Amino acid sequence: MQAVPNESFWLEAIERGEPLESLKGEHRADVICVGGGYTSLVTAYLLKKRDPSLDVAVVEGNYVGFGSSGRNGGMVLHQPHLDRVDARGAPAVRFTYDQTVASVDFIEELSSEEGFDCELERTGYLDIALHQRHLRENEEKQARCERFGIELQIEDLEAMRGAIRSDRFLGALHYPKAAILHPGKYVFGLKTAALRRGVKIFENSPVETMRRAAGGVELRTARGSLKADQAVVGLNAYLPTKGLASVRPRAVSLFSFIILTEPLSAEHWKTIGWQGRQGYSDKRRLHNYVRLTGNRVLFGGRVRYRFGLQATGSLMDVYETLHQQLIETFPSLKDVAITHRWCGPVAITWSRRPWIGREGPISAALGYSGMGVSLATLSGRVLADLVM
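It should be emphasised that the depicted structure is a prediction, and the values quoted were computed from it without experimental measurement.

Explain helix α8 (residues 183-197) here, please?
Because an α-helix completes one turn every 3.6 residues, residues spaced three or four positions apart along the sequence face the same direction. With 15 residues, α8 should cover 21 Å at 1.5 Å per step; its first-to-last C-alpha distance of 21 Å lies within 8% of that length. Residues of α8 that are buried include every one of P183, G184, Y186, V187, F188, G189, L190, K191, A193 and A194, and no others. Taken together, the buried residues of α8 touch α1 (9-12), α2 (38-50), α5 (103-114), β8 (200-202) and α11 (372-387). A positive backbone phi angle near 105 degrees is found at G198, which sits one or two residues after α8.

Here it is in structure tokens:
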């Protein structure tokens, strides 16, 4: 069964408008951005904001928000990656950490300036311990981060019972600067802002070929072509199986799955607490990631690894496994209905860090490894700098 990633709650809940025109005939631009998600839209928006004379075009195979940007869990996360200190030095690692954390400020300022509400909430985030070894890992990480001036907080068993009540939770590492938002409202806010700045966006225009040509790049679709001095590739999970030879081995496309409950009653809230509305994930490799949206619970997970752009086998079996994990975590929700289910590929690197690079006139970013809202936003800023 081929996945239909556009059937998310986020995209159902917003007014998307009519699709924009597809690429037809021959066109010229200064910069092409391939892909209609956060990476390309942030890049295109910033290029036009910095230099309104630039001719910037975004080419999307389906519609803006079709990929991960329209169906992710909506948590704006960050990690310090202190394993890079020996290779890169403490100042560089702290700089990249601070820039990732600053994605929350960037999104807040951009949405305010451009007049859209993406329901950004500065809730913080919990890395949940389910086993004793997870507690030790969190304590070691918190102590090491403290030496670099990164303030993370240990939540013990008593604190967790006061935050989110589940018998499975032994404790957590709290990231106080993380946030949650509405992914659909964010990606369509970016689309509107980019159009207002003068970015040309072509939807329903699958790219058939892209090659270097005459000092720049030429892109072709079934009905048109576009030449530019530079190109930015923001396909993330859709790039490893189709993309540039130098980029393709750097990440793999894996499937992630999400279910969403009906609105919870007041009695349900009494049983699980969750007054702080923090997003969380647990520390297993095949982990759950969970948050609130309104008064519903979004419960996601990489229940099993599925490679590529298509889901094989029975998707309902996977969703049922995810539902059982929800009930194991919150038994009081066993009779709560599941109203939405969706899935799709995400790009994972073995180091769990993104790759951003440039090869001649082509720049690219991918491999956000579960932190795509913050890292795609940051990558858009970095790619705009590279192009400029």
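Got a minute to help me understand the pairing of strand β2 (residues 56-59) in this structure?
On a regular strand, one side chain projects to one face of the sheet and the next to the other, so that they alternate. Of the two faces of β2, the one holding V56 and V58 and the one holding A57 and V59 are both buried throughout. Note: strand β1 (residues 25-34) against β2, four bridges, orientation parallel. Bridge assignment links C33 to a residue of β2, and that residue is V58. Remark: the β1/α2/β2 crossover connection has right-handed handedness. Both β2 and β8 contribute to a ladder of three bridges, which runs parallel. Across the sheet, the residue bridging to A57 is K200, located in β8.

Where do I start with the sheet that holds strand β14 (residues 288-293) in this structure?
Two orientations exist for strands paired in a sheet by backbone hydrogen bonds: parallel and antiparallel. On the basis of which strands lie adjacent, the open sheet formed by eight strands has the order β5-β6-β4-β13-β14-β15-β12-β16 and mixed pairing. If you trace the sheet from one side to the other, it starts and ends with β5 (153-155) and β16 (338-348), each paired once. Within this sheet the neighbouring strands show an average axis-to-axis angle of 20 degrees, counted without direction. As judged from the four bridges shared by strand β12 (residues 252-261) and strand β15 (residues 296-301), these two strands associate in the antiparallel manner. The residue of β15 that forms the bridge with F257 is G301.

Got a minute to help me understand the layout of surface pockets in this structure?
If a probe the size of a water molecule is rolled over the atoms, the empty space left behind becomes visible. Its volume calculated, the second largest pocket comes out at about 600 Å³. Lining the second largest pocket are 24 residues; nearest its centre among them are R84, T96, R353, P354 and I356. When residues of the lining of the second largest pocket are traced back to their parent elements, those giving at least two are α3 (85-88), α4 (90-101), β17 (355-359) and α11. Considering every element that reaches the lining of the second largest pocket, the biggest residue donor is α4, with six residues. Here the lining of the second largest pocket is composed, by residue class, of 12 nonpolar, eight polar and four charged.

Parameters and conventions
Residues numbered from 1 in each chain as written. Predicted model: local features only at pLDDT ≥ 70, side-chain atom pairs only at ≥ 80, totals over all residues. Heavy atoms only, no water. Helix = DSSP H or I, 4+ residues; strand = E, 2+ residues; numbered from the N terminus. Expected span 1.5 Å × (residues − 1). Buried < 20%, exposed > 50% of the residue type's maximum accessible area, 1.4 Å probe, protein only. Contact = heavy atoms within 4.5 Å. Pairing = 2+ DSSP bridges. Right-handed = clockwise from strand over helix to strand, strands pointing away. Axes fitted to C-alpha atoms, helices over the stretch in contact; angles between N-to-C directions. 1 Å grid on protein atoms, 1.4 Å probe; cavity = no way out; pocket = protein on both sides within 12 Å on 5 of 7 lines; lining within 4 Å. Points joined across faces, edges and corners; volume = space filled by probe spheres on them. Nonpolar A, V, L, I, M, F, W, Y, C, P; charged D, E, K, R; others polar.

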